[in-house]
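Understanding the architecture of this molecule
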Amino acid sequence: MAENLIEIKNLKKYFQTPKGQLHAVDNVTMNIEKGKTVGVVGESGCGKSTLGKTLMRLHTPTSGEILYKGTDIASMSMRQFKKKYRADIQMIFQDPYASLDPRMSVLQLIKEPIAINNPKMSKAEVEQKAQEMMELVGLAKRLESSYPHELDGGRRQRIGIARALSLNPEFIVCDEPVSALDVSIQAQILNLLQDLQEERGLTYMFITHDMSVVKHISDDIAVMYLGQLIEKCPANEIFKDTIHPYSQALLSAIPIPDIHAKKERMILKGELTSPINPKKCCRFAARCPYATEQCFNEEPTLREMRPGHKVACHLAEQFM
Ligand code: SF4
């Protein structure tokens, strides 16, 4: 049986706002197997980025557990976490331009995390490792002295990937890593991430709002809605055997590159439920065409409907 690298148990991240408590991540439970990719999808504001940042400990969890190789990193002090696990768990950001210091050259940017995390390395060793990283991610040696503003988005994202990989992580949270890039460059970066995963046995959480991108890279897909995990299944099942009405609506929005293909788009009506102090009900009920009284009064739990396919919907049996 495959080994879980990450086990998330009842994870909550709430933010206090003037209007009440915002339930950004609410009771999320899921596992991520070693060497696999879990694609996390949902509309903006569904909590997927907050989930990724909480796994990275960029946000302190409100409650719940994040087991990394069996150790709970959610309850650790930040000092302990940084000392033991910061290098193991890395993040690739959506906008590499915003996360790169514009005054540093490509080589300096890649040397920076290596030098900080390896204080015993000599300057020559740091430089050599940075050059190896550049080669690994396909950045030509002639770009060593270039600055981020002189590069296109794809090359800037390669710097972000090189910086993340330079610490030899096992788990990488990829937060919309290709959404700011042109389609042709998106494919190059996705291929690079897949090649690196194969070579290094990396485990990814791939966060995106783009279902056609997630299809290419994921082994499993987790669909989030208003802070909650509502469906998780093997990637090939979600594209043919989706169960949750919200997942069906998300999938119906993917464009098909065939002018003769007939596809009915499911347009969602109704108001979005507020994630501030939400009441105990299905959070999709106000927009769901199948909602019953039970849906407005009782929160559905995540149930395994097929092996490895979990759904949070009172009427899941009807949609199978
Ligand atoms: Fe729709 Fe009810 Fe299922 Fe929620 S629980 S998705 S409202 S049918």
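In the block above lies the structure referred to throughout.
Residues numbered from 1 in each chain as written. Predicted model: local features only at pLDDT ≥ 70, side-chain atom pairs only at ≥ 80, totals over all residues. Heavy atoms only, no water.

So, the sheet that holds strand β2 (residues 20-33)
- A sheet is described by the order of its strands in space; here four strands give the open sequence β2-β1-β4-β5, paired in antiparallel fashion. Each having just a single partner strand, β2 and β5 (71-72) make up the two edges of the open sheet.
- As defined by bridge partners, strand β4 (residues 63-68) adjoins β5 across two bridges and the pair is classed as antiparallel. Residue pairing in the sheet places L67 in a bridge with D72 of β5.
- Across the sheet, helix α1 (residues 48-55) lies against β1 (4-17), β2 and β4, angled at about 115° from β1, the strand it touches most. (Pairing = 2+ DSSP bridges. Helix = DSSP H or I, 4+ residues; strand = E, 2+ residues; numbered from the N terminus. Contact = heavy atoms within 4.5 Å. Axes fitted to C-alpha atoms, helices over the stretch in contact; angles between N-to-C directions.)

Some remarks on the site of the ligand
- Residues in contact with the ligand, as listed here, are H244, P245, C282, F284, A285, C288, A291, C295, C313, H314 and L315.
- More than half of the atoms belonging to the ligand lie within 2 Å of the grid points that define the largest cavity. (Near = heavy atom within 4 Å. 1 Å grid on protein atoms, 1.4 Å probe; cavity = no way out; pocket = protein on both sides within 12 Å on 5 of 7 lines; lining within 4 Å. Sits in = over half its atoms within 2 Å of the grid points.)

Remarks on unusual backbone geometry
- Located in the positive-phi region is N27, a residue other than glycine, with phi close to 65°.
- Counting through the fold element by element, N27 comes out in strand β2.
- Of note, the phi angle at L226 is positive, near 45°, even though the residue is not glycine.
- By the element assignment, L226 lies in the loop between β9 (220-225) and β10 (228-234).

A few points about the environment of T242
- Secondary-structure assignment places T242 in the loop between α9 (235-238) and α10 (245-252).
- If near-sequence neighbours (up to four positions away) are discounted, T242 is found in contact with E231, E237, S247, Q248, L251 and F319.
- Within the structure, the side chain of T242 is placed 2.3 Å from the backbone oxygen of I238, a separation counted as a polar contact. (Polar contact = N/O pair within 3.5 Å; in protein donor to acceptor, adjacent residues only side chain to side chain.)

Details of empty space enclosed by the protein
- All chains considered together, the criterion is met by two cavities of 30 Å³ or more.
- Put simply, the largest cavity is a space of about 90 Å³.
- P245, C282, C288, C295 and C313 are, among the 15 residues lining the largest cavity, the residues nearest its centre.
- Classifying every residue of the lining of the largest cavity gives 13 nonpolar, two polar and no charged.
- Each residue belonging to the lining of the second largest cavity can be placed in one class, and the counts come to six nonpolar, two polar and two charged. (Points joined across faces, edges and corners; volume = space filled by probe spheres on them. Nonpolar A, V, L, I, M, F, W, Y, C, P; charged D, E, K, R; others polar.)

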